[in-house]
Amino acid sequence: MRKPKLPPGSPDDTEHAFYEALQHADIDRLMACWADEDDIVCVHPGGPRLLGHAAVRAAFETLFANGSVKAVPEKVRRLDAGGCSVHSVVERIEVMGHDGPGSAWVVATNVYAKTAQGWRMVAHHASPGAASEPAEALTTPTLLH
């Protein structure tokens, strides 16, 4: 089966397509966001390190067996370095709790590389979820140099 093509666009375009695919449980669209490399890596909250296309796909297929993942990236911080872009995001995840629908928060890092096919994800690493939005620690250096 052919993978859906993504426009070359930008790392932000690929990130948007990734989260859209999660929200629609669209495995083909989701995997089209990933680079065609054997060394891609994915870590789901509390899970093992998944290496390679087959392992990443299998994990998302298992995840989608329970339905879509209503994850929305918020508070995105970007570090662009030539052919690589690192995004630190706070994901707001819709969950069903004992008292009805609510939100959980996950801190994730998404890494994108510029490939011949455009910007593709090469790594996704997500922390275990929390019931409250994580605080951000900002420090100001005492010594400027």
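Thresholds applied
Residues numbered from 1 in each chain as written. Predicted model: local features only at pLDDT ≥ 70, side-chain atom pairs only at ≥ 80, totals over all residues. Heavy atoms only, no water. Helix = DSSP H or I, 4+ residues; strand = E, 2+ residues; numbered from the N terminus. Buried < 20%, exposed > 50% of the residue type's maximum accessible area, 1.4 Å probe, protein only. Contact = heavy atoms within 4.5 Å. Areas by Shrake-Rupley, 256 points an atom, 1.4 Å probe, with all protein chains shown as cover. Pairing = 2+ DSSP bridges. Salt bridge = Lys/Arg side-chain N within 4 Å of Asp/Glu carboxyl O. Expected span 1.5 Å × (residues − 1). Arc of directions from axis to C-beta.

Engineer: When you look at the overall build of the protein chain in this model, what are you seeing that I'm missing?
Structural biologist: In terms of helices and strands, the protein chain carries three helices and six strands. For the protein chain, the N- to C-terminal ordering of α and β elements is α-α-β-β-α-β-β-β-β. Counting the 145 residues in the protein chain, one finds 36% classified as buried. Sequence-distant contacts in the protein chain: of pairs separated by 6 or more residues, those separated by 24 or more amount to 51%. With an accessible surface of roughly 8700 Å², the protein chain has 56% of that area assigned to carbon and sulfur atoms.

Engineer: Would you take a moment to explain the pairing of strand E6 (residues 118–126) for this structure?
Structural biologist: It is a general feature of regular strands that their side chains alternate between the two faces of the sheet. The buried count for E6 comes to seven of nine residues, which makes it a mostly enclosed element. In the sheet, strand E1 (residues 41–43) pairs with E6 via three bridges, with the strands oriented parallel. When the sheet's bridge partners are listed, Val41 is paired in E6 with Ala123. Sheet analysis places strand E5 (residues 100–115) next to E6, joined by eight bridges and oriented antiparallel. Counterpart to Ala108 in the pairing with E6 is Ala126. Counting the residues that bridge the hairpin from E5 to E6 gives two residues.

Engineer: Can you help me understand unusual backbone geometry in this one?
Structural biologist: One can expect most non-glycine residues to show negative phi and most peptide bonds to be in trans. The phi dihedral of Ala25 is positive, around 50°, even though this residue is not glycine. By secondary structure assignment, the location of Ala25 is in the loop between helix H1 (11–24) and helix H2 (27–32). Taking the relative accessible area as the measure of exposure, Ala25 reaches 30% and is therefore partly exposed. Notably, Lys75 is not glycine yet its phi reads approximately 50°, a positive angle. Take Lys75: it is sitting in strand E3 (residues 71–81). With relative accessibility at 41%, the residue Lys75 sits in the partly exposed group.

Engineer: Would you mind showing me how to read the pattern of salt bridges here?
Structural biologist: Note that side chains of opposite charge can pair when their charged atoms are close. Counting across every chain of the model gives four salt bridges. Residues Arg78 and Asp12 are paired through a salt bridge, measuring 2.7 Å at the closest nitrogen-oxygen approach. With Arg78 in strand E3 and Asp12 in helix H1, this residue pair connects regions lying 66 residues apart in the sequence. Using a relative accessible area of 46% as the deciding quantity, one classes Arg78 as partly exposed. You can call Asp12 partly exposed: its relative accessible area is 34%. Note that Arg57 is salt-bridged to Glu61, the shortest N-O span being 3.1 Å. Of the two residues, Arg57 and Glu61 are both situated in helix H3 (residues 53–64); the distance of four residues between them amounts to about one turn of the helix. One salt-bridge network, held together by shared partners, links Asp28, Arg57 and Glu61.

Engineer: Which parts of the structure should I look at to understand H3?
Structural biologist: Residues three or four positions apart in an α-helix share a direction because the helix packs 3.6 residues into each turn. Its 12 residues place the ends of H3 16 Å apart at the C-alpha level, agreeing with the 16 Å of an ideal helix rising 1.5 Å per residue. Every buried residue belonging to H3 is among Val56, Ala59, Phe60 and Phe64, and all of these are buried. Each buried residue of H3 sits inside an arc of 135° when the element is viewed along its axis, so together they form one side. Among the exposed residues of H3, those pointing more than 90 degrees away from its buried face are Ala54 and Thr62.

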